[in-house]
Amino acid sequence: MDYQGVVFDVDGTVVRGDEAIPGALDGLAAVDAAGLDRLFVSNNPTKAPVAYEARLRRAGIDATADEVVTSGTTTTVYLADRHPGARTFCIGEAGFRDQLRDAGLELVRAGDDPEVVVVAIDREFDYDDLRDANSALRSGAAFYGTDPDVIIPTADGDIPGSGAIINAVAGVAERDPDAILGKPSRVAQEYVLDKLGLPPEEVLIVGDRLDTDIAFGIDAGMGTALVRTGVTDDAVLAASEYDPDYVLDGLGDIGRIVSK
C-alpha cells in the first residue's frame, strides 16, 4: 500500500511517560524519510496539544502542537459545535477544563442546572463527583465521555483511565453516554482525516490497542499496524475480533511498511 500519512498513538506506542520507547525514534525517522504526513493522536485528554508538544520534545521527538490531536481536542470541538456556550459539569483535570473554557463552554457545579455532563480521567475523582454527576444526569443533562480507555500505560505501570470513571458514572446514573468522542469514534475519525487532508485508504494508523487504535483504523478504512510495546500481547491479539494488517514488535519496525 502506498501510504501518504501515518497516525501514531502516543502512550505505549511512541512514549512511556516522558521517554521514547526503544526504537520509536528510528520509526519516526523512517516515516520522515518516506516523506509522509503524520499526526500524533492520543486518547489522553489531560493535556492540550501545546503541552503534548513539550512532552514529545522531552522524549527527543521534534513535534509541534499542530501535529497533536487528543480526545480532549475532539470532545471540545464536538461540544462547542453541538452545545455552544452550554452550562457544563466536567469531571476532568485542569488541562481539559481549560480547553472547554477556551471553547466558550461555561463550567458549572452540579447545582447550577448543567445542560451537559462530560467525563474524563481525573486523578482526584471522588464520591462527591459521582454523586453530583448522577444528580445532573438524572435531571436530564446530556452525557459525554472523552475516551473509552479503562487502563492507560505509564512509566510506573498501568493506571485507571477515562473509561473507568465514565463507567462508574454510567453505572450510578443507569444510562450510557450519548457519545464517547475519542478513538475509535466516528467523530475522531472524521476530525483526524480532515486534519490530514487524506482519504482513509492512504493513511496508516499505528497503535498498541486493538479496541481503540486498530478499531479506529478498520472502521475508517485505514491501514492498521499493532505494536507489542503497550497493552496488547499475543494472547489478547489471538482472542480479539480485530485483525490488524500488520503486527510489529515496536515502532522501530515500521520502515518495512512505509519505505519507498
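Calculation rules
- Residues numbered from 1 in each chain as written.
- Predicted model: local features only at pLDDT ≥ 70, side-chain atom pairs only at ≥ 80, totals over all residues.
- Heavy atoms only, no water.
- Axes fitted to C-alpha atoms, helices over the stretch in contact; angles between N-to-C directions.
- Helix = DSSP H or I, 4+ residues; strand = E, 2+ residues; numbered from the N terminus.
- Parallel < 35°, antiparallel > 145°, perpendicular 65-115°, else oblique.
- Left-handed = near helix turned anticlockwise from the far one by under 90°.
- Contact = heavy atoms within 4.5 Å.
- Nonpolar A, V, L, I, M, F, W, Y, C, P; charged D, E, K, R; others polar.
- Expected span 1.5 Å × (residues − 1).
- Buried < 20%, exposed > 50% of the residue type's maximum accessible area, 1.4 Å probe, protein only.
- Arc of directions from axis to C-beta.
- Polar contact = N/O pair within 3.5 Å; in protein donor to acceptor, adjacent residues only side chain to side chain.
- Phe/Tyr/Trp six-rings, centres within 6.5 Å; stacked < 30°, edge-to-face > 60°.
- Pairing = 2+ DSSP bridges.
- Core = buried A, V, L, I, M, F, W, Y, C linked by side-chain atoms within 4.5 Å.

For the protein, the name recorded in an unreviewed UniProt entry is Sugar phosphatase, with Haloferax prahovense as its organism.

Chemist: Any details on the packing of helix α3 (residues 71-82) against helix α4 (residues 94-102)? Residues and values, ideally.
Modeler: Helix packing geometry: the angle between the two helix axes and the distance between the axes. Orientation of α3 relative to α4, taken along the N-to-C sense of each, is 30°, at an axis distance of 9 Å. Regarding the angle of α3 to α4, the classification is roughly parallel. Crossing geometry of α3 relative to α4 is assigned as right-handed. Judged by residue contacts, G72, T73, T75, T76 and L79 of α3 engage F96, Q99 and L100 from α4. Within the contact of α3 with α4, the residues separate by chemical class into 3 nonpolar, 5 polar and no charged.

Chemist: Tell me about helix α5 (residues 127-138), and name the residues and values.
Modeler: The periodicity of an α-helix, 3.6 residues per turn, causes residues three or four places apart in sequence to face the same way. Taking 1.5 Å of rise per residue, the 12 residues of α5 would be expected to cover 16 Å, and the 17 Å separating its terminal C-alpha atoms lies within 8% of that figure. Where α5 is concerned, the buried positions are D129, L130, A133, N134, A136 and L137. Summarising the axial view, the buried residues of α5 lie within an arc of 165°, below the 170-degree limit, and thus occupy one face. In this structure, the buried residues of α5 make contact with β6 (87-91), β8 (116-119), β9 (142-145) and α6 (162-173). Where α5 starts, the residue carrying a side-chain oxygen 3.2 Å from the main-chain nitrogen of D128 turns out to be D126.

Chemist: Break down the packing of aromatic side chains for me, citing the residues and quoting the values.
Modeler: Aromatic ring pairs are reported here in terms of the distance separating the ring centres and the angle at which the planes meet. By the definition in use, this model includes 2 aromatic pairs. Relative to Y144, the ring of Y78 lies with its centre 5.6 Å away and its plane at 65°, an arrangement referred to as edge-to-face. Of this pair, Y78 sits in helix α3 while Y144 sits in strand β9, and the two are 66 residues apart along the sequence. A residue is classified by how much of its surface remains accessible, and Y144, at 7% relative accessible area, is buried.

Chemist: Can you break down the sheet that holds strand β14 (residues 223-227) residue by residue, with the values?
Modeler: Read across the sheet, 6 strands follow the order β5-β4-β1-β13-β14-β15 without closing on themselves; strand pairing throughout is parallel. Both edges of this open sheet fall to β5 (68-70) and β15 (246-248), since each of them pairs with a single strand only. Within this sheet the neighbouring strands show an average axis-to-axis angle of 20°, counted without direction.

Chemist: Could you give an account of the environment of V69, with specific residues and numbers?
Modeler: Within the secondary structure, V69 is located in strand β5. Through-space distance from the C-alpha of V69 to that of P49 is 6.5 Å; in sequence the pair is 20 residues apart. In this view, V69 contacts F40, V41, S42, T74, Y191, V192 and K195; residues no more than four positions away in its chain are not counted.

Chemist: An account of the nonpolar core is needed here, citing residue identities and associated values.
Modeler: Proteins that are soluble and globular tend to have nonpolar side chains buried together. Core analysis: the largest hydrophobic core is formed by 28 residues, its most contacted members being F8, F40, I61, V206, I254 and V258. Elements with a contribution of two residues or more to this core: β1 (5-8), α1 (24-33), α2 (49-58), β13 (203-207), β14 and α10 (255-258). The element contributing the most residues to this core is α1, with 3 residues. Setting aside its immediate chain neighbours within four residues, V206 contacts V6, V7, F8, D9, T13, A225, V227, L251 and I254. Among the nonpolar cores identified, the runner-up in size contains 16 residues, and F89, A110, V169 and A170 belong to it.

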